[in-house]
Amino acid sequence: MTEQDGDQACTRSGNPTGAADVAVIGAGIVGVCTAYELRKRGQRVILIDKAEPGQGCSFGNSGAISPSSVTPLAMPGVLASVPRMLGKPDSPLFLPWWYLPSAAPWLIRFVMAARPHIVRQSAASLARIHTAAVQRHECLAREVGVPELVLRRGHLHLYRDQSALDADHAAWDLRAQHGYTFSRLSRQALQALEPRAPERYKVAMFLEDQATILNPYRYVRAIFAQFLARGGESSRAEVRALRRDGEGLWEIVTDARPIFTRQVVVAAGIWSRALLEPLGIRLHMETQRGYHVQFTHRESPVSRTVILTDHKVFLTPMEDGLRIGGTVEFAGTQAQPNEHRARILLRVAQENFSELVDKPHQTWMGHRPCMPDTVPVMGPADAFVSDNADKLPGLWVATGHGHLGLTDSVGTASLIADGVCSAANSGLKTRAGQAQYG
């Protein structure tokens, strides 16, 4: 779609006040994709973040485009695993004792979301949101001039033995129910795909129709550059509050200057909670603190995304070397990075690939906003409150994507842009639930 085509698809109304049509708060992959899509459709857009675009999770994620990831984090039997999370720093899903009081409300909802009928609903929602994710990213990457960043070689899940694979049958059953195809590989077959795969893994599942972004940060920066090239604006500022002014506009209070706009998209990840709560929107969202170790020599021992299922980690070939990421830590937004969590990843990498011992590396931690049922929050703000219907016109929410923010970013942008443009053309007469996605 050209910019002229976009203008026809979503013609903005006159704006005598000089206010922007839309402000997008949050310059991660979801926010940048949303701002870019809105600008393509002819909206006058300002993108606001206190940091440079792509500096959060979009910088450090594992690069996986994984539309088959329909299995929510909360699955039947999760209650039995909660005690193992507490106080055990080597657990793939770690909750320190000191954070338990803060995490308890989310944790209760998390356990409730593991009921079988909720799991089925969540999986169906995720499958719907993931639709055509790989194709969307291939198209966008070409459009912004970085097609080489999309590696379409599938994802390989490694298991110690058949009994380990059998224990994971619920996740594979959900994938099959939603139409995803995969192949079981013997040791010989998986080694044909990945000759350096660790010997301890005897069986694998291969998902051919998945992809990998070889440099997530460069990808976000390329999208942002095209957003600016098309006439988008950006503001490096910390957003402190949202409020309606007397002329029907949104006033975005920042540490620099107030910004006025007709519509606002809140895509600020875990920090969306603090902006929305004063408006009556309570998001039951927690931060999954994710870590990675990036080996900085160019060679990678794997040629595609490889998941070591016993450790719950992703091995990804990046432009500048192997990245190993994953695990989940619940410790809030204020605690300093837990270097032990990064050392776990380093140990796993070096135990499985001896050639990585003593190789130079860097570590990273970021905040992945996660809902108890793993389903992101996307749509008009009125849809998420019961007593403010029609009182928050022009306010949109796009957050809570957890570890699937990269996968769902382009689809989220399209859905939010559909709603924003529809509201702009109808005088912002949105109603609760009108455009709730997922």
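Predicted model, so just to flag it, every value in this text is computed and none were measured.

**Quick word on the overall build of the protein chain**
Here is step 1: Looking only at helices and strands, the protein chain has 14 helices and 20 strands in total.
Here is step 2: The C-alpha radius of gyration computed for the protein chain amounts to 22 Å, which stays within 12% of the reference 22 Å derived for 438 residues, consistent with globular compactness.
Here is step 3: With the principal axes as the frame, the protein chain shows a C-alpha extent of 65 × 45 × 40 Å.
Here is step 4: For the protein chain, the proportion of its 438 residues judged to be buried stands at 57%.

**Remarks on the sheet that holds strand β9 (residues 211-213)**
Here is step 1: Strand order across the open sheet formed by 3 strands is β3-β9-β5, with antiparallel pairing between neighbours. The open sheet has two free edges, formed respectively by β3 (64-65) and β5 (150-151), since each of these has just one partner strand.

**Points about the confidence of the model for the protein chain**
Here is step 1: Per-residue confidence for the protein chain gives a mean pLDDT of 89, with 91% of residues at or over 70.
Here is step 2: Considering only residues more than four positions removed or in separate chains, one finds that residues 1-17, a stretch of pLDDT under 50, has 34 contacts.
Here is step 3: The low-confidence segment residues 428-438, where pLDDT is below 50, has 31 contacts with residues more than four positions distant or belonging to other chains.

**Here we look at the nonpolar core**
Taken as a class, soluble globular proteins show a tendency for nonpolar side chains to be buried jointly.
Here is step 1: One finds Y219, I223 and V265 to be the most contacted residues of the largest nonpolar core, which totals 42 residues.
Here is step 2: Not counting residues up to four positions away in its chain, the partners in contact with V265 are V22, A23, V24, I25, T34, L38, W396, A398, I416 and V420.
Here is step 3: Of all hydrophobic cores here, the second largest spans 28 residues; its members include I48, I259, M371 and A381.

**So, the packing of helix α2 (residues 29-40) against helix α11 (residues 216-229)**
Here is step 1: Orientation of α2 relative to α11, taken along the N-to-C sense of each, is 25 degrees, at an axis distance of 9 Å. Accordingly, the angle class assigned to the pair α2 and α11 is roughly parallel. In the crossing of α2 with α11, the sense of the turn from one axis to the other is left-handed. Contacts between α2 and α11 involve I29, V32, C33, A35, Y36 and R39 from the first element and Y219, V220, I223, F224, Q226 and F227 from the second.
Here is step 2: Tallied by class, the residues present in the contact of α2 with α11 amount to 10 nonpolar, 1 polar and 1 charged.

**Things to note about the side chain of D21**
Here is step 1: By the secondary structure assignment, D21 is in strand β1 (residues 20-25).
Here is step 2: Exposure remark for D21: the relative accessible area of 5% places this residue in the buried category.
Here is step 3: At 2.7 Å, the side chain of D21 and the backbone nitrogen of R44 are in polar contact.

**Comments concerning the packing of helix α7 (residues 133-143) against helix α14 (residues 405-425)**
Here is step 1: Packing of α7 against α14 brings their axes to within 9 Å, and their N-to-C directions diverge by 80 degrees. Comparing their axes, α14 and α7 come out roughly perpendicular. Contact with α7, carried on its side by A133, R136, H137 and L140, involves L406, T407, S409, V410, G411 and S414 of α14 and no other residues of that element.
Here is step 2: Partitioning the contact of α7 with α14 into residue classes produces 4 nonpolar, 5 polar and 1 charged.

**Things to note about the environment of T296**
Here is step 1: Summarising the element assignment, T296 is placed in the loop between β14 (286-295) and β15 (305-308).
Here is step 2: The class of T296 is partly exposed, set by a relative accessible area of 34%.
Here is step 3: In this structure, the C-alpha to C-alpha distance between T296 and P380, residues 84 residues apart in sequence, is 42 Å.
Here is step 4: Look past the residues within four positions of T296 in its chain and what remains in contact with it is D320, P360, H361 and Q362.

**Overview of the pattern of salt bridges**
Here is step 1: Summed over the entire model, instances satisfying the criterion amount to 19 salt bridges.
Here is step 2: For D310, the salt bridge identified is with R160, shortest N-O distance 2.9 Å. Of this pair, D310 sits in the loop between β15 and β16 (313-318) while R160 is found in the loop between β6 (155-159) and α8 (162-167), placing the two residues 150 residues apart along the sequence.
Here is step 3: Since its relative accessible area comes to 30%, D310 is described here as partly exposed.
Here is step 4: With relative accessibility at 35%, the residue R160 sits in the partly exposed group.
Here is step 5: Each of E37, K40, R41, E143 and D418 takes part in one network of salt bridges that share partners.

**Observations regarding unusual backbone geometry**
Across the chain, the bulk of peptide bonds are trans and the bulk of non-glycine residues have phi less than zero.
Here is step 1: One non-glycine residue, T327, adopts positive backbone phi at about 65 degrees.
Here is step 2: Positionally, T327 belongs in strand β17 (residues 321-329).
Here is step 3: Look at T327 and you get buried, because its relative accessible area is 7%.
Here is step 4: If you check the backbone angles, D358 has positive phi at about 70 degrees while not being a glycine.
Here is step 5: Of the residues examined, D358 reaches a relative accessible area of 75% and is grouped as exposed.

The rules behind the values
Residues numbered from 1 in each chain as written. Predicted model: local features only at pLDDT ≥ 70, side-chain atom pairs only at ≥ 80, totals over all residues. Heavy atoms only, no water. Helix = DSSP H or I, 4+ residues; strand = E, 2+ residues; numbered from the N terminus. Rg over C-alpha atoms; globule rule 2.2 N^0.38 Å. Buried < 20%, exposed > 50% of the residue type's maximum accessible area, 1.4 Å probe, protein only. Pairing = 2+ DSSP bridges. pLDDT = per-residue confidence, 0-100. Contact = heavy atoms within 4.5 Å. Core = buried A, V, L, I, M, F, W, Y, C linked by side-chain atoms within 4.5 Å. Axes fitted to C-alpha atoms, helices over the stretch in contact; angles between N-to-C directions. Parallel < 35°, antiparallel > 145°, perpendicular 65-115°, else oblique. Left-handed = near helix turned anticlockwise from the far one by under 90°. Nonpolar A, V, L, I, M, F, W, Y, C, P; charged D, E, K, R; others polar. Polar contact = N/O pair within 3.5 Å; in protein donor to acceptor, adjacent residues only side chain to side chain. Salt bridge = Lys/Arg side-chain N within 4 Å of Asp/Glu carboxyl O.

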